[in-house]
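The residues making up each chain are set out below.
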Amino acid sequence: MRIDVVSIFPDYLSPLELSLVGKARTSGLVDVRVHDLRDWATDRHRTVDDTPFGGGAGMVMRPDVWGTALDDVLADGGHLLVPTPSGTPLTQRTAEALAHEPHLVIACGRYEGIDARVAAHYATRPDVTVTEYSIGDYVLNGGEVAALVLVEAVVRLLPGFVGNPESLVEESHGAAGLLEYPVYTKPPVWADLEVPEVLLSGHHGRIARWRRDEALARTASLRSDLVAALDVADLDARDLEVLAEHGWTVLDGELSLRGT
Ligand code: ADE
């Protein structure tokens, strides 16, 4: 996979050199290239922004500078990803889909954002897909951190990236649609806290059931949106019992929360 990231703060993206993503780069799993948007500016001051038409606070990034940069980086097409708090939420499903694509380009805006014509223009190119995405309902100073988040979420899903692909299956936001169960290691007693007995039992069936109960209970307590999205057909009698303890019942084939 190839990933290009365009930013006016390329140094901000240096964490991509580190850790596991860095390892994926050196092993050839992914080719990440970070570009300085100012390399495409044409004036002496390497200007990339201007005042907003219609007035208002802040500066807007110019479409002409972004246009020459993206024409270069997207010369052979690709998926253009634009981080913005007004984009669609980035989810594990998005990351899974992106992990199958050959070329991602992330355009990091700063200030009040990028002139809206940039996304509109590239969306008309048949060889380019445009996605504006948000990493959460809060506002950052620019898209760089959101670019790091996307790269890490996608690269760890590339075949050959994690030693044990099983570890991708049970984690939070995996296929089951549940938050992950709590995990423990040695020592068995720490700060007067004991590891749950069942995990020391060696009984695989009971351990799996306990973990699923915990995942269901945790999801029910913290993320009613995820419970509401579960498919009742994927739940067994014990699952429904755990959910019922948290106020969820099945009504007309759908899970519904008591009192809502
Ligand atoms: N840029 C600024 N805030 C952002 C957010 N929450 N998600 C993605 N990009 C952003």
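Structure shown above.
Being a predicted model, the structure only gives us computed values, none of them experimental.

**Q** Just to check I follow, could you spell out the pattern of salt bridges for this structure?
**A** Oppositely charged side chains can form a pair if their charged atoms are brought close together. Taken as a whole, this structure holds 18 salt bridges when the rule is applied. When the shortest N-O distance is used, the salt bridge between E144 and R110 registers 2.9 Å. Pair noted here: E144 is in helix α5 (residues 144-155) and R110 is in the loop between β6 (103-107) and α4 (117-123), with a separation of 34 residues, a long-range link. It is possible to trace a salt-bridge network through shared partners that takes in R209, R212, D213, D236, R238, D239 and E241.

**Q** Any chance you could explain the pairing of strand β1 (residues 2-7) here in plain terms?
**A** When a strand is regular, its side chains alternate between the sheet's two faces. Among the six residues in β1, five count as buried, and that is most of the element. Where β1 and strand β2 (residues 31-36) come together, six bridges link them in parallel fashion. Paired with V5 across the two strands is V34, which belongs to β2. Pairing between β1 and β6: five bridges, direction parallel. Bridged to V6 within β6 is A107.

Rules behind the numbers
Residues numbered from 1 in each chain as written. Predicted model: local features only at pLDDT ≥ 70, side-chain atom pairs only at ≥ 80, totals over all residues. Heavy atoms only, no water. Salt bridge = Lys/Arg side-chain N within 4 Å of Asp/Glu carboxyl O. Helix = DSSP H or I, 4+ residues; strand = E, 2+ residues; numbered from the N terminus. Buried < 20%, exposed > 50% of the residue type's maximum accessible area, 1.4 Å probe, protein only. Pairing = 2+ DSSP bridges.

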